[in-house]
Amino acid sequence: MKSFLSIIFLFLIFQSLSAQDNVRKPNIVFILADDLGYGDLGAYGQAKIKTPHIDQLAKEGMRFTNFYAGTSVCAPSRSALMTGQHTGHTPIRGNKELEPEGQQPLPDSVQTIAMLLKANDYVTGAFGKWGMGMVGTSGDPTNKGFDEFFGYNCQRQSHRYYPTHLWHNQTKIELEGNDLSSKVVYAPELIQEKTLEFIEKNKDKPFFLFVPTVLPHAELAGPEDEFYALYEHAFEEKAHRGQPYGPQATIAGYTSVDKPRATFASMVTRMDAYVGQILGKLEELGLSEETIIVFSSDNGSHREGGADPEFFNSSGGLRGNKRDLYEGGIKVPLIVKWPKQIQQNVTSNYLGAFWDILPTLTDISDSPNTAYSDGISFKPTLSNSKMQKQHAYLYWEFHEDGGRQAVRMEDWKLVRLKVRNPSQSTYELYNLKNDPSESRNVVKEHVAVFEQLKRYMDEAHVETDVFPLLTKE
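Everything numeric here is computed off the predicted structure, so don't read it as measured data.

1. A short note on the overall build of the protein
The secondary structure content of the protein amounts to 12 helices and 18 strands. Its C-alpha radius of gyration of 23 Å places the protein within 12% of the 23 Å reference for a compact globule of 473 residues. Projected onto its principal axes, the C-alpha positions of the protein cover 90 × 60 × 45 Å. For the protein, the residues scored as buried account for 59% of the 473 residues in total. Across the protein, contacts joining residues at least 24 apart in sequence account for 69% of those joining residues at least 6 apart.

2. Thoughts on the sheet that holds strand β17 (residues 412–417)
Pairing in this open sheet of 4 strands is antiparallel, and the strands run β15-β16-β17-β18 from one edge to the other. Either end of the sheet is taken by a strand with one partner, and the two such strands are β15 (394–398) and β18 (426–431). Averaged over all pairs of adjacent strands, the angle between strand axes in this sheet comes to 15°, irrespective of strand direction. Relative to β17, strand β16 (residues 404–409) is paired through 5 bridges, and the arrangement is antiparallel. In the strand pairing of β17, Arg408 is matched with Lys413.

3. A closer look at the environment of Gly128
The residue Gly128 is located in strand β6 (residues 123–129) in this model. For Gly128, a relative accessible area of 1% corresponds to the buried category. Sequence spacing of Gly128 and Gly320 is 192 residues, and the spatial spacing of their C-alpha atoms is 26 Å. When sequence neighbours within four positions are dropped, the list of residues in contact with Gly128 reads Phe149, Phe150, Gly151, Tyr152, Ile191 and Pro212.

4. Brief notes about the nonpolar core
With 57 residues, the main nonpolar core has Phe207, Met271 and Phe295 as its most contacted residues. Among the elements of the structure, β1 (27–33), α2 (52–59), β6, β7 (148–152), α5 (187–201), β10 (207–211), α7 (260–284) and β11 (291–297) are those that each provide at least two residues to this core. Counting residues per element, this core draws most heavily on α7, which supplies 10 residues. In this view, Phe295 contacts Ile31, Ala33, Leu36, Leu41, Ile54, Leu57, Met271, Val275, Pro333, Leu334 and Ile335; residues no more than four positions away in its chain are not counted.

5. Points about the pattern of salt bridges
Scanning the entire structure with this criterion turns up 28 salt bridges. The shortest N-O distance in the salt bridge between Lys129 and Asp34 comes to 2.7 Å. Separated by 95 residues along the polypeptide, Lys129 in strand β6 and Asp34 in the loop between β1 and α2 bring together distant segments of the chain. Across the pair, exposure class does not vary: Lys129 and Asp34 are buried alike. Through salt bridges with shared partners, one network takes in Asp34, Arg78, Lys129 and Asp298.

6. Remarks on the sheet that holds β1
Across a sheet, strands are paired by hydrogen bonds formed along the backbone, either parallel or antiparallel in direction. An order of β9-β8-β7-β6-β10-β1-β11-β12-β2-β13 is seen for the 10 strands of this open sheet, with the pairing classed as mixed. Strand pairing shows two members of the sheet lacking a second neighbour, β9 (171–174) and β13 (346–348), which therefore form its edges. Across the sheet, the mean angle separating the axes of adjacent strands is 15° when strand polarity is ignored. Looking at chain direction, β7 and strand β8 (residues 165–168) are connected through 2 bridges and run antiparallel. Paired with Phe150 across the two strands is His168, which belongs to β8. Taken strand by strand, helix α3 (residues 74–83) contacts β1, β6 and β10, and its axis lies near 160° from that of β1.

7. Digging into unusual backbone geometry
In this model, Glu99 is joined to Pro100 through a cis peptide bond whose omega is 5°. Here Pro100 shows up in the loop between β4 (97–98) and β5 (102–103). For the bond from Leu215 to Pro216, the omega torsion is -5°, close enough to zero to count as cis. Examined against the element boundaries, Pro216 turns out to sit in the loop between β10 and α6 (226–229). The backbone phi angle of Asn313 is positive, close to 50°, even though this residue is not glycine. Along the chain, the position of Asn313 falls in the loop between α8 (309–312) and α9 (327–330). Judged by relative accessible area, Asn313 falls into the partly exposed class, the value being 41%.

8. Comments concerning the pairing of β10
For β10, the tally of buried residues reaches 5 of 5 residues, placing the bulk of the element in the interior. Of the two faces of β10, both are covered, the one formed by Phe207, Leu209 and Val211 as well as the one formed by Phe208 and Phe210. Pairing between β1 and β10: 4 bridges, direction parallel. For Val29, the partnering residue across the bridge sits in β10 and is Leu209.

What counts and how
- Residue indices begin from 1 for each chain and proceed along its sequence in written order.
- Local features in a predicted model are, by the rule used here, given only for residues with pLDDT of at least 70; side-chain atom pairs are given and counted only at 80 or more, and totals for whole chains, interfaces and linings are based on all residues.
- Think of the side-chain values as coming from all heavy atoms in the structure, minus any hydrogens and water.
- A run of DSSP states H or I qualifies as a helix once it reaches four residues; a run of E qualifies as a strand once it reaches two. Both are numbered from the N-terminal end.
- As a reference, a globule follows 2.2 Å times the number of residues to the power 0.38, and the radius of gyration itself is taken over C-alpha atoms.
- Accessible area is worked out with a 1.4 Å probe on protein chains only. A residue is then buried under 20% of its type maximum, exposed over 50%, and partly exposed in between.
- In this analysis, two residues are considered to be in contact whenever any of their non-hydrogen atoms come within 4.5 Å of each other.
- Pairs of strands are assigned from DSSP output, requiring at least two bridges between the strands.
- The axes are straight lines fitted to the C-alpha atoms, using for helices just the contacting stretch, and the angles between their N-to-C directions are given from 0 to 180°.
- In these notes, a set of buried Ala, Val, Leu, Ile, Met, Phe, Trp, Tyr and Cys residues joined through side-chain atoms within 4.5 Å is what counts as a nonpolar core.
- What counts as a salt bridge is simple: a side-chain nitrogen of Lys or Arg found within 4 Å of a carboxyl oxygen of Asp or Glu.

Right, here's the structure in full:
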């Protein structure tokens, strides 16, 4: 009898383990807007631009109010996201342009989110703007864990919405009719088509879909379609004179635009519609309940190409914009929907940043992690657990305009300007709880706090030959 019961017991254990093995890993879709400000979404207070799909996503998931980008400009912010390291450690710390087309590549030695998920049998794809390594280099997205890439490899090329070409893995895709004089193919629309095809093609496998859309980054440009019609007569306008398509156009220029406010608003709403199409495709294929959706932006709101962040309150009342290490340059929206795990329509004040994304996604998917991440998994926050770890501090660098650093500890924020010239370097200390707009420098009133944050600032930065900060380049 005991032998019979033992056999039954072992059989039940085997069945349980087999059932666990058959549980599909969650799909992960990470959508990264380009230069979208903290206040550019309805869910974060935007009153002039319609973003219904992303607002609905926030209602169905968790909206974070205390989350930060990697830094205040494209490539290093994305490097922090991909590697799980803040800008004192991550290999790419600035926008370093290389010829003939591309930016400083991620090195061979660094693992990315995509590499770790791929090691756990995820199919991986990236569609949009890369900017972390030219085709054929160590930083090529297909060398950094992505099975498929389609879009702009080079962020300089992505200044134009009607570029001469895009890249599909190592194949250059010439866009017929686009020659910097004529505008035929709107690149975001083509990239969106390929994004939806990836979901369809991989519906039967767990996948990681990274969508670093170029919208609503300058230039301000797009078809005069239903999105533009929503705003064509909505605002008072002043034409912006830039570098229009034609004989004098350059790759890195921004076009002229007659109605910059209407155009910017239409680009944000177009991006929102693309998010809606991705959500709709997942629903159509029966994948919604087993897919984690993450939405964020690579840095704060921008001023390029005629953009008017003050008119739209794009920074949500915060000080600064893109390239600033004040809140408006680095604080970003973060929305996460995880069906059956996250309660709907909840807000979190978890204090985190891009380098938390890697350990969180590997934690959620039971994928291997890296030993060198600066991040903390916020899976406990998503799961409404009381066991959430907290950062001692967050740290950022910016390598233009003489160099800048910033560190946040709880409600305190220290900003250092003109880092490369110590004789002119200045420090600003703010209490964000009492002064969220960073208008009152209290560095002389809280010397002990200043000294602690300065120690963190010094500790966080590790000098690098490729992106020196404490010495002149």
